[in-house]
Amino acid sequence: MKHMNSEVKEERTSNKKRIDLFLVPIVLIAAFLNLFKIWTDEYANAYYTAAVKSMLQNFHNFFYASFDPGGYVTIDKPPVVFWIQTISAKIFGFHGWSVILPQALAGIGSVLLLYVLVKRTFGVWAGRFAALAMALTPIVPAVSRTNNIDSMLVFTLLVATWMLFRAVRTAKFGWVLAAFAMIGVAFNMKMLQAYMVLPAFYVFYVVATKITWKKKIAFLTTATALMLAVSVSWAVVVDSTSADKRPYMGSSQTNSVLELAFGYNGINRLTGNTSVTGSSHKQPAQTEQQTASSETKQNSNSSADSSQSSNQRKSSSSQKMQAPGGGNQNGMFNTGNPGPFRLFQKGLSDQISWLLPFVIFSIVGLFVGVKFKGPYTTKQKESLFWLAWLLPVAVFFSIAGFFHQYYLIMLAPPIAAFAGAGAVALWSMYKQHNGWKSWLLPGGILTTAALQVYIMSPYVSSIGVAPIAGVGALGVILALVLAVRKQRKNSLTNYLGAAVMVVLLAMPAYWAMTPIIYGGNSMLPSAGPDSSSGMGGPPSTATNSKQSGFNGMQPPGSSSSNSSSNNQMQPPSGSSNNSQMPNSFSSKSSSLKRKSGGMNAEVNQKLLNYLTKNNTGEKYLFATTDSTSAAPYIIKTGKPVMAMGGFSGSDPILTVSKLKAMIKKGEVKYFYLSGMGKGGQSDVITWIKENSKEIPSSKWQSTSSSAQQGPSGNGTLYEITLK
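Residues numbered from 1 in each chain as written. Predicted model: local features only at pLDDT ≥ 70, side-chain atom pairs only at ≥ 80, totals over all residues. Heavy atoms only, no water.

1. With respect to the overall build of the protein
Rule in force here: Numbering of helices and strands runs from the N terminus; a helix is a DSSP stretch of H or I covering at least four residues, while a strand is a stretch of E covering at least two. When accessible area is computed with a 1.4 Å probe and restricted to protein chains, residues below 20% of their type maximum are described as buried, those above 50% as exposed, and intermediate ones as partly exposed. Whether two residues touch is decided by their heavy atoms; if any such pair falls within 4.5 Å, the residues are in contact. Every accessible area reported is derived by Shrake-Rupley at a probe size of 1.4 Å, with residue values counting cover from the shown protein chains alone.
Broken down by element type, the protein carries 27 helices and seven strands. Residue burial in the protein is summarised as follows: out of 723 residues, 61% are buried. Put simply, of all contacts in the protein between residues at least 6 apart along the chain, 75% involve residues at least 24 apart. Of the roughly 26600 Å² that the protein leaves accessible, carbon and sulfur atoms contribute 62%.

Structure representation (structure tokens):
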């Protein structure tokens, strides 16, 4: 106990010391990467931004995270992050940057937290290097510059980690409860993704605490119960509320948060199972892939880059590029193919894997000489924590059936922690000439440089040969210099430490800046020279770059020569209509047009004018098939727009009888229908077409090619009035 008290006293003393001046530029770098030019992203990820616009209007929408101001359907995630975004928009006004700001600050906060976590045990230089590695991990600023959830999720989990470490140091059970409760809060950000760190929390507490097994089991059981209670608290309230008194739970098939959490947003992510049970309404699995392709394209800074990226995705199934794990290298949403080397495949490696070889050498150095039965030093215990975070998450992304590139931010904290702790440990072994262990540093540098050359090689047309050759040459030279000077002791050796940092972090730093240099994508964040496409990965040689949109469709509001048959979605050959791709993995996009890295708030003004002029008191401005079509008009006007089938149009929300009742009550009379999002509501769509009056396109459709806003696809506007 005296030892514990002395540690607490030491911590309080260290907190009174002056600010680490080396940390200041690291924080400034993180602030620049996360904040610079976010004000140009006018409306960010429109699916989430529309929800914030709706949540600002009343507490009912705020509590349930309603997608639309009418409280018809929610977004497909829990509300905590969007509560924070709504509060930010309430304070600073409704802007793109005000909904992005919380995530950007969370990204900076994660850098600071990692510094604090690593510094205490591994030393100040380890903390500095870990913080810098976290700041320069490309996917970290890429996702922190958007209103997606993951940056806030990682920050929350790092807060929980700090609480757990403090619980072990102080031997206070209250901090254990707080740590697990914080994971419960994280669950209400992105559901089961928050639980990916649980192996690390359990392993660390068991190994690091010096209490009896009986107490360990009792404490962990109690903490886990609290975590579960916090996790399901909002879900229980929502699911126990009568369905007619709340919005439909978006992207669920049974109007249940728990179903969404543990099935649709949970196990299906691992299995990649696209079939949905519990409903007779199904959607072709192909729908969301095509929708995301269209929306991502519409959201690019450069139409040429967008076309190239879109065609890369279209041709990915036929263009067989061999990855280290074998098979098609691009994979779904450019996430490669499942296998042990997936994180080294193109599309993932340039987001997160720049330092992985060095991390592997660091793990060897940090655990060398460790005996299974212990005893363990504090460094070994905390190294075990980061390893128990790294390995399960890496395994998940190596075998998961369906995810997006920006989910890889979950790997950033353990990679950065090992990079910082390992750099100091390997440097110490090198300077002390510890036999074979002194070769770990040169070996780590050489293999890391080799991987970085491999990562950059597909981008030679974008970045040139010089940086690729430079990294390779510097890696070889530095490894050779370290090998030659291994037996010498002089001041020159100390300068090699700075050289190590330059070689390891130069190109990750450049990649982390690409969302600023080339423009980012708020729908599918990624880093790299094609970051604005939302599909980070090597350039494609696919042809037909002029094709745009969903199967080449133009949104209504612009004239197009495309055949209306292009709007009709068909399931892939050999598949049935009983499959559906999880919405939680698809692009939360709108048909808004990116401009200067942001969004343009324009909609089809002619359509909006027509709908506004002819509204006779209806609650909804109009109804459409999916959220992609509705979001721009919610953001622009703040008026209710009904996404009849939720995000992708597949949610079984409406029935014909329910729609008839809404029309008779005067809640809605205009319907915009296209070929998108019909999977969960085909009977409703059929009834609308058979019982409506078609509005001539000349009254609402713009002939301007710049009117790329509004409902997606060449659709039709209908009017229905029932007595």
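2. A word on the nonpolar core
Inclusion rule: The term nonpolar core refers to a set of buried residues drawn from Ala, Val, Leu, Ile, Met, Phe, Trp, Tyr and Cys, joined through side-chain atoms within 4.5 Å.
Residues F397 and L411 are the most contacted members of the largest nonpolar core, which totals 137 residues. With 13 residues, the single largest contributor to this core is helix 19 (residues 412–431). The next biggest cluster of nonpolar side chains, apart from the first, holds 66 residues, and it includes Y43, M55, Y248 and I720.

3. Things to note about the sheet that holds strand 3 (residues 623–624)
Put simply, the rule is: In short, DSSP must find at least two bridges between two strands for them to pair.
Read from one edge to the other, the open sheet built from five strands follows the order 4-3-5-7-6, with strand pairing classed as mixed. Sheet topology places strand 4 (642–643) and strand 6 (693–694) at the edges, where each strand pairs with a single neighbour. As paired strands, strand 3 and strand 5 (residues 670–673) are joined by two bridges and run parallel to one another. When the bridges of strand 5 are listed, A623 appears paired with F671.

4. Examining the pattern of salt bridges
Applicable threshold: Any Lys or Arg side-chain nitrogen located within 4 Å of an Asp or Glu carboxyl oxygen qualifies as a salt bridge.
Scanning all chains against the criterion turns up six salt bridges. Put simply, K669 and E618 hold a salt bridge, and the shortest N to O gap is 4.0 Å. Of the two residues, K669 is situated in the loop between helix 26 (656–664) and strand 5 and E618 in the loop between helix 24 (605–613) and strand 3; the sequence distance between them amounts to 51 residues. Across the pair, exposure class does not vary: K669 and E618 are buried alike. Here K665 makes a salt bridge to E667, at a shortest N to O gap of 3.3 Å. Here K665 falls in the exposed class, since its relative accessible area comes to 62%. By relative accessible area, E667 is classed as buried at 18%.

5. What to know about the side chain of D350
What counts here: For this count, His and the chain ends are skipped, Lys and Arg are scored as positive, and Asp and Glu as negative.
Turning to its location among the elements, D350 is positioned in helix 16 (residues 349–352). K346 provides the closest opposite charge to the buried, unpaired D350, separated from it by 10.0 Å.

6. Some details on the packing of helix 11 (residues 198–208) against helix 12 (residues 213–240)
Which entries qualify depends on this criterion: Simply put, an axis is a line fit to the C-alpha atoms, just over the touching stretch for a helix, and the angle between two N-to-C directions goes from 0 to 180 degrees. An angle below 35 degrees is read as roughly parallel, one above 145 as roughly antiparallel, one from 65 to 115 as roughly perpendicular, and any other as oblique. For any pair of crossing helices, the crossing counts as left-handed if the nearer helix is rotated counterclockwise from the farther one by less than a right angle, and right-handed if it is rotated clockwise. Gly is put with the polar residues, along with every residue not named as nonpolar or charged; the nonpolar set is Ala, Val, Leu, Ile, Met, Phe, Trp, Tyr, Cys and Pro, and the charged set is Asp, Glu, Lys and Arg.
In the contact formed by helix 11 and helix 12, the axes pass within 10 Å of each other and the chain directions differ by 155°. In terms of orientation, helix 11 lies roughly antiparallel with respect to helix 12. Taken as a pair, helix 11 and helix 12 cross one another with a handedness that is right-handed. In contact with L198, Y202, Y205 and V206 of helix 11, helix 12 contributes W213, K216, F219, L220, T224 and M227. Its residues assigned to classes, the contact of helix 11 with helix 12 comprises eight nonpolar, one polar and one charged.

7. Notes on helix 20 (residues 440–456)
Helical geometry note: an α-helix holds 3.6 residues per turn, so side chains three or four residues apart project in the same direction. Rules: Here a helix's expected span is defined as the number of its residues, less one, multiplied by 1.5 Å.
With 17 residues, helix 20 ought to run about 24 Å at 1.5 Å a step, and its terminal C-alpha atoms sit 24 Å apart, in line with that. Counted residue by residue, helix 20 has 12 buried out of 17 residues, so it is predominantly covered. Within helix 20, the full set of buried residues consists of L440, L441, P442, G443, G444, I445, T448, A449, L451, Q452, I455 and M456.

8. Considering the packing of aromatic side chains
Aromatic ring pairs are reported here in terms of the distance separating the ring centres and the angle at which the planes meet. Here is the rule: Side-chain rings of Phe, Tyr and Trp, where Trp is taken by its six-membered ring, are said to pair if the distance between their centres is within 6.5 Å; with planes under 30 degrees apart they count as stacked, over 60 as edge-to-face, and otherwise as tilted. The criterion is that NZ of a Lys, or CZ of an Arg, lies within 6 Å of the ring centre and within 35 degrees of the ring normal, and then a charge sits over that ring.
With the rule as written, the count across this model stands at 39 aromatic pairs. Taken together, the ring pairs in this structure connect F165, F180, F201, Y202, F204, F385, W386 and W389 into an aromatic cluster. Just above the ring of Y407 sits the side chain of K190; from NZ or CZ to the centre is 3.4 Å. Across from the ring centre of W213, 4.9 Å away, lies the NZ or CZ of K216, which sits over that ring.

9. Thoughts on the side chain of S438
Just so we agree on the cut-off: Polar contacts here mean pairs of N or O atoms no more than 3.5 Å apart (in protein, one a potential hydrogen donor and the other a potential acceptor; neighbouring residues in sequence count only if both atoms are side-chain atoms).
One can find S438 in the loop between helix 19 and helix 20. Side-chain polar atoms of S438 contact the backbone oxygen of G435, separated by 2.5 Å. Apart from residues no more than four positions distant in its own chain, S438 is found in contact with M429, Y430, H433 and K486.

10. Quick word on the packing of helix 6 (residues 96–122) against helix 7 (residues 124–136)
The interhelical angle for the contact between helix 6 and helix 7, taken along N-to-C directions, is 155°, at an axis separation of 7 Å. Here helix 6 lies roughly antiparallel to helix 7, going by the angle between them. Relative to helix 7, the crossing made by helix 6 is right-handed. Residues S110, V111, L114, Y115, V118, K119 and F122 of helix 6 lie in contact with helix 7, whose contacting residues are V124, A126, G127, R128, A130, A131, M134 and A135.

11. Some thoughts on the environment of M429
The topology assignment puts M429 in helix 19. In this structure M429 comes out as buried when scored by relative accessible area, which is 10%. Taking the C-alpha atoms as reference, M429 lies 8.2 Å from L440; in sequence the two are 11 residues apart. With residues up to four places along the chain from it excluded, the contact list for M429 reads G365, V368, N434, K437, S438 and L440.

12. A word on unusual backbone geometry
Located in the positive-phi region is K37, a residue other than glycine, with phi close to 70°. Classification of K37 as partly exposed rests on a relative accessible area of 33%. One non-glycine residue, A65, adopts positive backbone phi at about 55°. Tracing the backbone shows A65 in the loop between helix 4 (59–64) and helix 5 (80–92). For A65, a relative accessible area of 0% corresponds to the buried category.

13. As for the pairing of strand 7 (residues 716–719)
Alternating residues of strand 7 divide into T716 and Y718 and L717 and E719, and every residue in both groups is buried. When strand 6 meets strand 7, the two strands line up antiparallel, connected through two bridges. Note on strand 7: the bridge partner recorded for E694 is Y718.

14. Some thoughts on a nonpolar patch on the surface
Keep this limit in mind: Note that patches include only residues with greater than 30% relative accessible area and no salt bridge, and the join distances are 9 Å for like charges and 5 Å for nonpolar side chains (Val, Leu, Ile, Met, Phe, Trp, Tyr).
On the surface, F32, F36, W39, M513 and I517 cluster together to form a nonpolar patch covering roughly 470 Å² of accessible area. With respect to the helices, strands and loops of the structure, W39 is situated in the loop between helix 2 (23–35) and helix 3 (46–55). According to the relative accessible area criterion, W39 is exposed, its value standing at 52%.

15. Things to note about helix 24
Basically, it comes down to this: Arc definition: directions from the helix axis to the C-beta atoms.
Turning to helix 24, its buried residues are L607, L608, Y610 and L611. Buried positions in helix 24, seen along its axis, are confined to an arc of 165° and lie on one side of it. Check the buried side of helix 24 and you find it contacts helix 25 (627–637), strand 5 and strand 7.

16. Topic: the environment of V364
Along the polypeptide, V364 turns up in helix 17 (residues 356–367). For V364, a relative accessible area of 37% corresponds to the partly exposed category. Not counting residues up to four positions away in its chain, the partners in contact with V364 are W436 and L440.

17. Concerning the environment of Y376
Of note, Y376 is situated in the loop between helix 17 and helix 18 (378–399). With 169 residues separating them in the primary sequence, Y376 and V207 have C-alpha atoms 8.3 Å apart. For Y376, the residues in contact, after removing those within four places along its chain, are V207, V370, K371 and K381.

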